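# Geometric and topological summary
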Amino acid sequence: MTNNGKNTQDTIILGVETSCDETAVAVVKNGRDILSNTVSSQIESHKRFGGVVPEIASRHHVEQITYILEEAMAEAEVSFDDIDAIAVTEGPGLVGALLIGVNAAKAIAFSQNKPLIGVHHIAGHIYANHIVEELTFPLLTLVVSGGHTELVYMKEHGSFEVIGETRDDAVGEAYDKVARTLGLPYPGGPHIDRLAHEGEASITLPRAWLEPDSFDFSFSGLKSAVINTLHNAKQRGETLPVENLAASFQESVIEVLVTKTMKAAKEKNVDRVLLAGGVAANKGLRKELSDACEAEGLKLTIPPMSLCTDNAAMIAAAGTILYEKGYRSGDRLNGQPGLELSSQ
């Protein structure tokens, strides 16, 4: 046994995540025990632009990756001899940002003669829940983030069936665009969530249900409706309470998300629901989905705030499953910005 408490049967994975604007490295034991989870955020650098600038994100990753790696290893009190494999986000994400993490992971894997495992970013978000509580199957995950809104059915570890997805703006994108219209800083989600709890949903806004049998999502029309409502009020010389507009927008988003999730859970006959992705930190969504699952007798798992946003512990957790299934990426691994979520 080494100083990190590793037994011979333990699996210790080093995770690397650089898909967007967080440089993150983590060390996770047996897929659930976080030994370290170090994240360097770039929010302050991108805030003045109202969104992530890919070139700036890539440059920050180059500057930070070595320091974050050293910090994560030191905090975990492990050496490379203790590490069984290197897991890294392969995609989707910003191509320049992905390449920094992938090449750093490849360099470590090559120099230390360790297996390399490419992980899908959304699979990582789903497996953040595995850190909280061991997954049982079948289950349904509602994935909500800046670039993704999906319903994913899983019948076993590593099996992903996307049964619903966004046709235009993802939830996080819609929040950021509405926040920009309301004059709120980036990222907009937390600010709209806060304002929504201060206001009343007194403004009628649309819900995009799409076809009766569809589990897909669409938030572009809702975003446009908010913008038009605000502009029309200004043309009439009226001032709409920003907190009421935020509350009305959030109510519309959450109603669609929760309703479709519950409908899908019933159709797929699951008794376990997960919430995953950056927007999983939204307090309104957490409450409404919790209430709905409780009413239907479904078990709901939601990661803590620290595991909702991009981090490397979730990549290491998903990588552990792949490692134990015998999956290896090899030295031809490359960043894939449009990588589809598929079973491995």
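In this report, we go over the structure that sits alongside the text.

Definitions and limits used
- Residues numbered from 1 in each chain as written.
- Predicted model: local features only at pLDDT ≥ 70, side-chain atom pairs only at ≥ 80, totals over all residues.
- Heavy atoms only, no water.
- Salt bridge = Lys/Arg side-chain N within 4 Å of Asp/Glu carboxyl O.
- Helix = DSSP H or I, 4+ residues; strand = E, 2+ residues; numbered from the N terminus.
- Buried < 20%, exposed > 50% of the residue type's maximum accessible area, 1.4 Å probe, protein only.
- Axes fitted to C-alpha atoms, helices over the stretch in contact; angles between N-to-C directions.
- Parallel < 35°, antiparallel > 145°, perpendicular 65-115°, else oblique.
- Contact = heavy atoms within 4.5 Å.
- Pairing = 2+ DSSP bridges.
- Nonpolar A, V, L, I, M, F, W, Y, C, P; charged D, E, K, R; others polar.
- Disulfide = S-S within 2.5 Å.
- 1 Å grid on protein atoms, 1.4 Å probe; cavity = no way out; pocket = protein on both sides within 12 Å on 5 of 7 lines; lining within 4 Å.
- Points joined across faces, edges and corners; volume = space filled by probe spheres on them.
- Core = buried A, V, L, I, M, F, W, Y, C linked by side-chain atoms within 4.5 Å.

## Here's the deal with the pattern of salt bridges
Counted under the stated rule, the structure contains 15 salt bridges. Its salt-bridge partner being Glu-161, residue Lys-268 comes within 3.6 Å of it at the nearest N-O pair. One end of the pair, Lys-268, is in helix H8 (residues 242-268); the other, Glu-161, is in strand S8 (residues 161-165), with 107 residues separating them in the sequence. When its relative accessible area of 25% is taken as the criterion, Lys-268 is described as partly exposed. Overlapping salt bridges, with partners in common, bring together Glu-133, Arg-272 and Lys-299 in one network.

## Some points on unusual backbone geometry
Following Phe-137, the chain continues into Pro-138 via a peptide bond in cis, with omega recorded as 0 degrees. By the element assignment, Pro-138 lies in the loop between helix H4 (121-132) and strand S6 (139-144). At the junction of Tyr-186 and Pro-187, the peptide bond is cis and its omega measures out at -10 degrees in the coordinates. You can see Pro-187 is positioned in the loop between helix H5 (171-181) and helix H6 (188-196). A positive phi angle, close to 60 degrees, is found at Glu-77, a residue other than glycine. With respect to the helices, strands and loops of the structure, Glu-77 is situated in the loop between helix H2 (54-76) and strand S4 (85-91). Positive phi, close to 60 degrees, is recorded for Leu-210, a residue that is not glycine. Note that Leu-210 resides in the loop between H6 and helix H7 (220-235). A relative accessible area of 33% means that Leu-210 is categorised as partly exposed.

## Examining the packing of H5 against H6
At their nearest, the axes of H5 and H6 sit 8 Å apart, and the two run at 70 degrees to each other. In this view, H5 runs roughly perpendicular relative to H6, as classed from their interaxial angle. Contacts between H5 and H6 pair Tyr-175, Asp-176, Val-178 and Ala-179 from the former with Gly-188, Gly-189 and Ile-192 from the latter.

## A closer look at the sheet that holds strand S9 (residues 272-276)
In spatial order, the strands read S8-S7-S6-S9-S10; together these five strands make up an open sheet with mixed pairing. Each having just a single partner strand, S8 and strand S10 (299-301) make up the two edges of the open sheet. Between one strand and the next, the sheet's axes are offset by a mean angle of 20 degrees, whatever the strand orientation. Both S9 and S10 contribute to a ladder of three bridges, which runs parallel. When the sheet's bridge partners are listed, Arg-272 is paired in S10 with Lys-299. The strands touched by H8 within the sheet are S6, strand S7 (149-154), S8 and S9, with S6 carrying the most contacts at an inclination of about 160 degrees. Lying over the sheet, helix H9 (residues 283-296) contacts S6, S9 and S10, oriented at roughly 175 degrees with respect to S9.

## Side note on the environment of Gly-51
Relative to the elements of secondary structure, Gly-51 occurs in the loop between helix H1 (43-47) and H2. On the basis of relative accessible area, Gly-51 is assigned to the buried category, the value being 14%. The spatial distance from the C-alpha of Gly-51 to the C-alpha of Trp-209 is 28 Å, given a sequence separation of 158 residues. Discounting residues that sit within four places of it in the chain, Gly-51 has contacts with His-46 and Tyr-186.

## Some points on the packing of H4 against helix H11 (residues 313-324)
Two elements in contact, H4 and H11, have axes whose closest approach is 7 Å; the angle formed by their N-to-C orientations is 90 degrees. The angle between H4 and H11 places the two elements in the roughly perpendicular class. Contacts between H4 and H11 involve His-121, Ala-123, Gly-124, His-125, Tyr-127, Ala-128, His-130 and Ile-131 on the former and, on the latter, Ala-313, Met-314, Ile-315, Ala-317, Ala-318 and Ile-321. When its residues are assigned to classes, the contact of H4 with H11 shows 10 nonpolar, four polar and no charged.

## Examining the state of the cysteines
Summed over all chains, the structure comprises zero disulfides. Free of any disulfide, Cys-293 has its nearest neighbouring cysteine sulfur in Cys-308, separated by 15 Å. Among the residues examined, Cys-293 registers a relative accessible area of 1% and is labelled buried. Judged by its relative accessible area of 0%, Cys-308 falls in the buried class.

## Comments concerning the layout of surface pockets
Taken as a whole, the largest pocket spans an internal volume of roughly 1200 Å³. If you go around the largest pocket, you meet 40 residues; those closest to its centre are Ser-145, Gly-146, Asp-176, Tyr-186 and Gly-278. Listed by contribution, the elements that provide at least two residues to the lining of the largest pocket are strand S3 (33-41), H4, H5 and H6.

## Section: the nonpolar core
Of all hydrophobic cores here, the largest spans 47 residues; its most connected members are Phe-219, Phe-249 and Leu-257. Those elements that provide at least two residues to this core are S6, S7, H5, H6, H7, H8, S9 and H9. Those residues in contact with Phe-219 that sit more than four places away from it in its chain are Thr-149, Asp-168, Asp-169, Ala-170, Val-171, Ala-174, Val-253, Val-256 and Leu-257. Membership of the second largest hydrophobic core comes to 33 residues, among which are Ala-26, Leu-139, Phe-160 and Met-314.

Functional significance is not addressed by these values, which are geometric in nature.
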